[in-house]
Amino acid sequence: SAVISQKPSRDICQRGTSLTIQCQVDSQVTMMFWYRQQPGQSLTLIATANQGSEATYESGFVIDKFPISRPNLTFSTLTVSNMSPEDSSIYLCSALPQHTEAFFGQGTRLTVV
Amino acid sequence: AQSVTQPDIHITVSEGASLELRCNYSYGATPYLFWYVQSPGQGLQLLLKYFSGDTLVQGIKGFEAEFKRSQSSFNLRKPSVHWSDAAEYFCALNTDKLIFGTGTRLQVFP
């Protein structure tokens, strides 16, 4: 199993600013991901955080808006840049060890005002 | 294309009634499938998973799911629903990333 610590747990931010969310896993994992869950919606994959290389973004998400770092096998960050109220969501970090289920952080509840 | 479909957006059942939540997937290889539950304001909790072997898998809280390759389905069942089961349920498919269905909101009446 894997335990994921994600912070901050919530934040209220001004539009036009940026927020960086941190995700720490208690063991080395190859695969880490970032999801967005908009109010009342399912989880949408933003990107795969690749260790040592650029993240792989899903359709509709771009690096300029959601830059991701993955400096090692236990840590990743997601930045939400130049925020607008439409970015208000829960952002979740996930780790997917091989041959087992995915583990999730508790999420970051972001409100942009 | 890889995808997960949950046809029922919202289901309402009476407490004590049986429950079946539908999930269909599209994937060319052997799927790894999961059901997660999310209570309001809470994180995701894994109910059960299917990797291989027995197609009927047992999970926590009295839930079970049956994998049917011929129907590309992985439906979740519970014989008797409790009021505390009211939540959002997500089916997910693991390829090289975890893809979620749109979710089914379960409401339970006393």
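All figures in this text were calculated on a predicted structure; none of them were measured in a lab. Numbers given to residues run from 1 along each chain, matching the order in which its sequence is written. Key to labels: chains lettered from A, ligands numbered from 1, both in the order written. Only residues with pLDDT of 70 or above have their local features reported here, since the model is predicted, and side-chain atom pairs are shown and tallied only from 80 upward, although totals for entire chains, interfaces and linings are computed over all residues. In computing side-chain properties, one takes all heavy atoms of the structure into account and sets aside hydrogens as well as water.

### What about the interface of chain B and chain A?
Contacts are residue-level and defined by heavy atoms, with any inter-residue pair within 4.5 Å sufficient. Each partner contributes to the interface: chain B provides 19 residues, whereas chain A provides 18 residues. For any pair of parts, buried area is found by adding up, for both, the accessible area (1.4 Å probe) each one loses once the two are put together. At the boundary of chain B with chain A, total buried surface from both sides reaches about 1400 Å², with 56% on carbon and sulfur atoms. By definition, a salt bridge exists where a carboxyl oxygen of Asp or Glu is found within 4 Å of a side-chain nitrogen of Lys or Arg. Inspection of the chain B/chain A interface yields 2 salt bridges. For A:E58, the salt bridge identified is with B:K97, shortest N-O distance 2.9 Å. Helix and strand definitions follow DSSP, with helices as H or I runs of at least four residues and strands as E runs of at least two, each counted in order from the N terminus. Elements represented by at least two residues in the side of chain B that touches chain A include exactly strand 5 (32–38), strand 6 (44–50), strand 10 (87–94) and strand 11 (98–100) of chain B. Considering every element that reaches the side of chain B that touches chain A, the biggest residue donor is strand 5 of chain B, with 4 residues. Three categories are distinguished: nonpolar for Ala, Val, Leu, Ile, Met, Phe, Trp, Tyr, Cys and Pro, charged for Asp, Glu, Lys and Arg, and polar for the others, with Gly belonging to the last. Per-class residue counts for the side of chain B that touches chain A are 9 nonpolar, 6 polar and 4 charged.

### Let's talk about the sheet that holds strand 7 (residues 68–72) of chain A
All names here are of chain A. Pairing between two strands is assigned when DSSP locates at least 2 bridges connecting them. With antiparallel pairing, 4 strands are arranged side by side in an open sheet as 1-3-8-7. A single partner strand is all that each edge strand has here, and the edge strands are strand 1 (4–7) and strand 7. Taking each pair of neighbouring strands and ignoring which way they run, the sheet shows an average axis angle of 15°. Relative to strand 8 (residues 75–80), strand 7 runs antiparallel, the two being bridged by 3 bridges. Following the sheet pairing, N72 is matched in strand 8 by F75. For helices, the fitted line uses only the C-alpha atoms of the stretch in contact; every axis is such a line through C-alpha atoms, and the angle between N-to-C directions lies from 0 to 180 degrees.

### Some thoughts on the state of the cysteines
All names here are of chain A. Only a pair of cysteine sulfur atoms within 2.5 Å qualifies as a disulfide here. A complete count under the given rule lists 2 disulfides over all chains for this structure. With its sulfur 1.8 Å from that of its partner, C23 forms a disulfide with C93. Because the sign of the S-S torsion sets the handedness, a value of about -65° for the bond joining C23 and C93 places this disulfide among the left-handed ones. One end of the pair, C23, is in strand 3 (residues 19–25); the other, C93, is in strand 9 (residues 89–96), and 70 residues separate them in sequence. When a residue's accessible area, from a 1.4 Å probe over protein chains only, is under 20% of the maximum for its type it is buried; when over 50% it is exposed; and in between it is partly exposed. For C23, a relative accessible area of 0% corresponds to the buried category. A relative accessible area of 0% places C93 in the buried class.

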